[in-house]
Amino acid sequence: MKRYEQFADEIATLIRQGVLGPGERIPSVRQASHRHGISPSTVFQAYYLLENRGLITARARSGYFVREHARRLLGEPRMTLQPTDPAEVEVSELVFSVLDSLQDDRTVPFGSAFPSPELFPLSRLSTSMTRGLRALSPQQVVADMTTGHIDLCRQIALRYMLGGIQLPMEELVITNGAMEALNLALQCVTQPGDLVAIESPAFYASLQVLERLKLRAVEIPVHPREGIDLEILAERLEALPIKACWFMSHLQNPLGASLSKERKQALYQLLKQHQVPMLEDDVYAELTFGSSPPAPVKAFDEEGLVIHCSSFSKCLAPGYRVGWVAGGRYAEAISRLKLMTTISPSIPAQAAIADYLQHGGYDRHLRKLRHALEAQQGSMLASADRHFPTQTRITRPAGGYFLWVEFPEQVDSLRLFNMARDHGVSLAPGPIFSATQQFRHCVRLSYGHPWTARSERGMETLGQLLNLF
Ligand SMILES: Cc1ncc(COP(=O)(O)O)c(C=O)c1O
């Protein structure tokens, strides 16, 4: 990273942490240059970058100021959920009707699960596809189906190592996206009828997996900033024969919450004490604003209880369907189940990603992507301030591309979803994130697409529709 980028990230962190408040003046170019021992042109470049990222603004003859949208007019959602009894899961119909509404690309895509393809290095990836294919030996095309493309496995293991985790290559199974990793893992550690602890709200596809495998959900509340409620989890693990946990310790979907290092450690101690395996769904880790991702719960795993699942779908190559699982003590069983079901993800797609990771400038791309998403988050928050009722509560996650919005109680997000769809705006209504169809007055909004006048109009439309409740 260049010095000006580093300095820009330091200032961005101070803004994110609230040390530099909205409207506040940031150090002048001269002060910053003097204090940090860097040239005025480096400071200028850093401030220019922060302006582009939408975090600061220049005022003529006065200097640089933190942008107003950093002001949190709208409060943070409360954790209102009470623990519920274990529940059968039936959300698929509702989820499919929401997903159908996203097919129409004339709608403003606030309901979308993926960031805009414009944010990905698609052309460089196609170069990597050509290069990767050329380098493949005919034997490899067949042999790698069992083990995964060897260079890709090495690159993934290397990224674990850089993050402080020594991952034996035998633990790694390459899958068709994270979704297959999670499906296989859950199948390996449960039988129909078992209880599985999940988050509430939870990623809707995890609910669909439970539904398909005839598992029962034990919902554990998630705090919008601090993550899963460990006290309730401890109590539930004590009281119920829970066979597995499925959690996101970092940038949880839909809340964006992340557990601190201490809380990750405490979560691991609970798993160890009860000898319950945990699927750690970590697909948004690389989208942490301004820094490399923090260590997952997997980093504390001494007994192979944590099954860490991720993919390149959200951060590099949507549609390539390349993901993986670091399966701990279940790796062998997961690998066999994969061979019995889909055999292998496409070898050319794996070869392309392996080449990209080696030669394509992955970290540079990630820095750009994180900056774009952070600026888009700022635009959506500012727009929510302008258009949504003042009692609205909204998250401000430290990465990813979702906001969770809690509207006043009388708002019915399923009706809002239908009304918004008729006006050309998509959104993800709260009940699809719950086994017990809670969060009726909440929605998840995506800021994964570049912010345009159309996005602003979409927010205005939602604001007008909200006034009808
Ligand atoms: C939390 C979460 N886990 C897993 C997935 C699936 O990832 P993939 O597309 O790699 O299968 C998604 C995609 O929406 C997700 O949001």
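Residues numbered from 1 in each chain as written. Predicted model: local features only at pLDDT ≥ 70, side-chain atom pairs only at ≥ 80, totals over all residues.

- Looking up the protein chain in an unreviewed UniProt entry gives the name HTH-type transcriptional regulator NorG, with the organism given as Halomonas qinghailakensis.
- Regarding the protein chain, the relevant UniProt record gives this comment under Cofactor (unreviewed entry): "pyridoxal 5'-phosphate". (UniProt positions renumbered as here; feature names shortened; annotations may be inferred.)

## Observations concerning the overall build of the protein chain
Point 1. On a plain count of helices and strands, the protein chain comes out with 16 helices and 16 strands.
Point 2. Taking 469 residues into account, the globule formula puts the C-alpha radius of gyration at 23 Å, and the protein chain, at 22 Å, falls close to it.
Point 3. Along the longest, intermediate and shortest principal axes, the C-alpha atoms of the protein chain span 65 × 55 × 45 Å.
Point 4. Residue burial in the protein chain is summarised as follows: out of 469 residues, 48% are buried.
Point 5. The long-range share in the protein chain, meaning contacts at least 24 apart out of those at least 6 apart in sequence, stands at 76%. (Helix = DSSP H or I, 4+ residues; strand = E, 2+ residues; numbered from the N terminus. Rg over C-alpha atoms; globule rule 2.2 N^0.38 Å. Buried ≥ 20, exposed ≤ 12 C-beta atoms within 10 Å, placed from the backbone. Contact = placed C-beta atoms within 7 Å.)

## Some points on the site of the ligand
Point 1. The local shell around the ligand consists of Ala113, Gly177, Ala178, Met179, Phe203, Met248, Asn253, Asp281, Val283, Ser311, Ser313 and Gly323.
Point 2. Ranked by residue count, the leading element in the shell around the ligand is helix 8 (residues 177–189), at three residues.
Point 3. Residue composition of the shell around the ligand, grouped by class: six nonpolar, five polar and one charged. (Near = placed C-beta within 6 Å. Nonpolar A, V, L, I, M, F, W, Y, C, P; charged D, E, K, R; others polar.)

## Focus: the domain arrangement of the protein chain
Point 1. Taken domain by domain, the protein chain holds domain 1 (3–70), domain 2 (92–119 + 364–466) and domain 3 (122–359).
Point 2. Of note, the centres of domain 2 and domain 3, computed from C-alpha atoms alone, are 25 Å apart.
Point 3. Every contact between the two is made by 26 residues of domain 2 and, on the other side, 26 residues of domain 3.
Point 4. For the side of domain 2 that touches domain 3, the secondary structure elements donating two or more residues are helix 4 (92–101), helix 14 (362–387) and strand 13 (402–406).
Point 5. A class-by-class count of the residues in the side of domain 2 that touches domain 3 yields 16 nonpolar, seven polar and three charged. (Domains from an automatic or database assignment.)

## What about the sheet that holds strand 16 (residues 442–446)?
Point 1. The strand order across the open sheet built from four strands is 12-13-16-15, with neighbouring strands paired in antiparallel fashion. The strands lining the two open edges of the sheet, one partner per strand, are strand 12 (393–394) and strand 15 (428–429).
Point 2. Two elements, strand 15 and strand 16, share two bridges in a ladder whose sense is antiparallel. Among the inter-strand pairings, Ala428 is bridged to a residue of strand 16, identified as Arg444. (Pairing = 2+ DSSP bridges.)

## With respect to the pairing of strand 13
Point 1. Across the five residues of strand 13, five count as buried, placing the element largely inside the fold.
Point 2. The alternating pattern of strand 13 places Phe402, Trp404 and Glu406 on one face and Leu403 and Val405 on the opposite face, and all of these are buried.
Point 3. Examined bridge by bridge, strand 12 and strand 13 share two bridges and lie antiparallel to one another. Note on strand 13: the bridge partner recorded for Ile394 is Val405.
Point 4. With five bridges connecting them, strand 13 and strand 16 associate as antiparallel partners. Residue Val405 lies in a different strand from strand 16, and its bridge partner there is Val443.

## With respect to the environment of Glu88
Point 1. Secondary-structure assignment places Glu88 in the loop between strand 2 (63–66) and helix 4.
Point 2. Its 12 C-beta neighbours within 10 Å are what place Glu88 among the exposed residues.
Point 3. Taking the C-alpha atoms as reference points, Glu88 and Arg216, separated by 128 residues in sequence, lie 4.9 Å from one another.

## Here we look at the sheet that holds strand 8 (residues 242–247)
Pairing between the strands of a sheet is mediated by backbone hydrogen bonds and can be parallel or antiparallel.
Point 1. With respect to topology, eight strands assemble into an open sheet ordered 4-11-10-9-8-5-6-7, the strand pairing being mixed. In the strand order of this sheet, the two ends are held by strand 4 (172–175) and strand 7 (227–228), each with one partner.
Point 2. In this sheet, strand 6 (residues 216–223) lies alongside strand 5 (residues 195–200) in parallel orientation, the contact comprising six bridges. When the sheet's bridge partners are listed, Glu199 is paired in strand 6 with Ile220.
Point 3. Lying on the sheet, helix 8 is in contact with strand 4, strand 8, strand 9 (278–281), strand 10 (306–311) and strand 11 (323–326); it crosses strand 10 at an angle near 160°. (Axes fitted to C-alpha atoms, helices over the stretch in contact; angles between N-to-C directions.)

## So, the environment of Asp229
Point 1. Mapped onto the elements, Asp229 comes out in the loop between strand 7 and helix 10 (230–239).
Point 2. Sequence separation between Asp229 and Leu267 is 38 residues; the distance between their C-alpha atoms is 9.7 Å.
Point 3. With residues near it in sequence (within four places) discarded, Asp229 still touches Ile220, Pro221 and His223.

## What to know about the nonpolar core
Point 1. Ala185, Val196 and Ile353 are the most contacted members of the largest nonpolar core, which totals 119 residues.
Point 2. Top element by residues in this core is helix 8. It accounts for nine residues.
Point 3. Two domains each put at least three residues into this core: domain 2 (92–119 + 364–466) and domain 3 (122–359).
Point 4. Setting aside chain neighbours within four positions, we find Ala185 in contact with Leu279, Ile307, Cys309, Val325, Gly327, Tyr330 and Ile334. (Core = buried A, V, L, I, M, F, W, Y, C linked by C-beta atoms within 7 Å.)

## Notes on the environment of Val222
Point 1. Its place among the elements puts Val222 in strand 6.
Point 2. When the 26 C-beta atoms within 10 Å are taken as the criterion, Val222 is described as buried.
Point 3. C-alpha of Val222 to C-alpha of Ser310: the two residues are 88 residues apart in sequence and 21 Å apart in space.
Point 4. Filtering out sequence-adjacent residues up to four positions away, Val222 remains in contact with Glu199, Ser200, Pro201, Gly227, Ile228, Gln252, Leu255 and Ala257.

## Overview of helix 13 (residues 347–359)
Because an α-helix packs 3.6 residues into every turn, residues spaced three or four apart end up facing the same way.
Point 1. The end-to-end C-alpha distance of helix 13 is 18 Å, a good match for the 18 Å that 13 residues give at a rise of 1.5 Å each.
Point 2. The buried fraction of helix 13 is high, at 10 of 13 residues.
Point 3. Along its buried surface, helix 13 packs onto helix 5 (122–135), helix 6 (138–147), helix 7 (150–162), strand 4 and helix 14.
Point 4. Residue Gly361 follows helix 13 closely and has a positive phi angle near 85°. (Expected span 1.5 Å × (residues − 1).)

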